Amino acid sequence: MLFAGEPLSALFLGVLGLLVGSFLNVVIHRLPLMMERRWKEECEQFQAEANGEAAGSSLASAEEKLAEAAEQQTFNLVVPRSRCPHCGHQIRWFENIPVFSWLALGRKCSGCKAPISARYPSIEVLTGLLFAFCGWQWGLGYEALAWCGFSAAIVSLTFIDWDTTLLPDDITLPLLWAGVCLAALGITEVGLAASVWGAVVGYLSLWSIYWLFKLTTGKEGMGFGDFKLFAALGAWFGLASLLPIILIASIVGSVIGIAFKLSSNLREGGYIPFGPFLALGGLGVMLLGSATMLGWLGLSVT
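Since the structure is predicted, the reported quantities are computational estimates derived from the model, not experimental observations. Residue indices follow the written sequence of each chain, beginning from 1 at its first position. Predicted model: local features are reported for residues with pLDDT of at least 70 only, side-chain atom pairs are reported and counted for 80 or more only, and whole-chain, interface and lining totals are derived from all residues. The side-chain values count all of the structure's non-hydrogen atoms but skip hydrogen atoms and water molecules.

### Some details on the packing of aromatic side chains
And step 1. The pairing test for Phe, Tyr and Trp rings, Trp by its six-membered ring, is centres within 6.5 Å, and the orientation test on the planes gives stacked under 30 degrees, edge-to-face over 60, and tilted for anything in between. What the rule picks out here adds up to 14 aromatic pairs.
And step 2. With 5.9 Å between their ring centres and 85° between their planes, Trp162 and Phe260 make a pair best called edge-to-face. With Trp162 in helix H5 (residues 142–164) and Phe260 in helix H9 (residues 242–262), this residue pair connects regions lying 98 residues apart in the sequence.
And step 3. With centroids separated by 5.5 Å and ring planes inclined at 70°, the aromatic side chains of Tyr210 and Phe227 adopt a geometry described as edge-to-face. Here the residue Tyr210 occupies a position in helix H7 (residues 192–217), and Phe227 occupies one in helix H8 (residues 224–237), the gap between them amounting to 17 residues.
And step 4. For every residue, the accessible area obtained with a 1.4 Å probe (protein chains only) is divided by the maximum for its type, and the residue is called buried under 20%, exposed over 50%, and partly exposed between those limits. Given a relative accessible area of 3%, Tyr210 falls into the buried group.
And step 5. Judged by its relative accessible area of 0%, Phe227 falls in the buried class.
And step 6. Ring-pair connections join several aromatic residues into one group, and the members of that group are Phe133, Trp138, Trp147, Phe150, Trp236 and Phe237.
And step 7. Note on geometry: a ring has a charge over it if NZ (lysine) or CZ (arginine) is within 6 Å of the ring centre and within 35 degrees of the ring normal. Note that Arg30 overlies the ring of Phe75, its terminal NZ or CZ placed 5.5 Å from the centroid. Labels follow the DSSP assignment, with helices taken as runs of H or I lasting at least four residues and strands as runs of E lasting at least two, numbered in each case from the N terminus.

Next up, the structure:
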């Protein structure tokens, strides 16, 4: 352990969390776009094969595809550098300091003076606070770093799902396997058996509800990403924690869903994503523990 004192560990990881939160803003914005580009490319390839398109149909068409492919290759989580969505002003390093730059710039782009959403520093602060909690709770060691990684993944998934109703496999599946592997290595307090069964029951429970709802109503009540996220939470927290997570997610999701419906703020299709509420339940268990969460619901574990 680098820092023996919890306050120093919390401070160090809290600052690290601010920096990671700045990167998460990029992940939240770009990863869905990268997925859409990948899907578009796969659809075009499938359509070309279905139509029997010749390999060398025309030089112009080939050049266009090469140019498009080259453009897509340069769009990832690192390249190109961040720019203002309004004027294209390239964000310089001193304009990208978490929270401070947002305040120093007066919450406006230095190029076009367009307002910068408060959501960017909010995600940085949220990530910083979660990292600081990990440092306070576990010191500065492997376990704290593991839970910092968990927190970063959960923050990313929450906002991606809220924006796009997508829960990327690029995050949910590594999160699931990380939970199982860390349990196997003894880095987290969850035993391997509890982790594996938590993942299995987490996935199958929502999978069963999905099919029951679909067979009954002919509609899809949730996406497959929700199964994978719940399985990942089961892998990290164990089988016994699935109950408080799903109860908190269902209660909070219902309350917010009703509030949105009464205020006519539901998005097209009349639904809200379930992933953010699963994530909230998971963070609640991390911060407070399963017993406390169940106690709030008037339940207890013997």
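Next comes the rest of the write-up.
### Description of the nonpolar core
And step 1. The nonpolar core is taken to be a set of buried Ala, Val, Leu, Ile, Met, Phe, Trp, Tyr and Cys residues, with the residues joined through side-chain atoms within 4.5 Å. Counting 58 residues, the largest nonpolar core has Phe150, Leu175, Leu233, Phe237, Leu278 and Met286 as the members making the most contacts within it.
And step 2. The leading source of residues in this core is H5, at 12 residues.
And step 3. Setting aside anything within four residues of it in sequence, one finds Leu233 in contact with Phe150, Ile154, Gly238, Ile245, Leu278 and Gly282. In this description, contact between two residues means that some pair of their heavy atoms is separated by no more than 4.5 Å.

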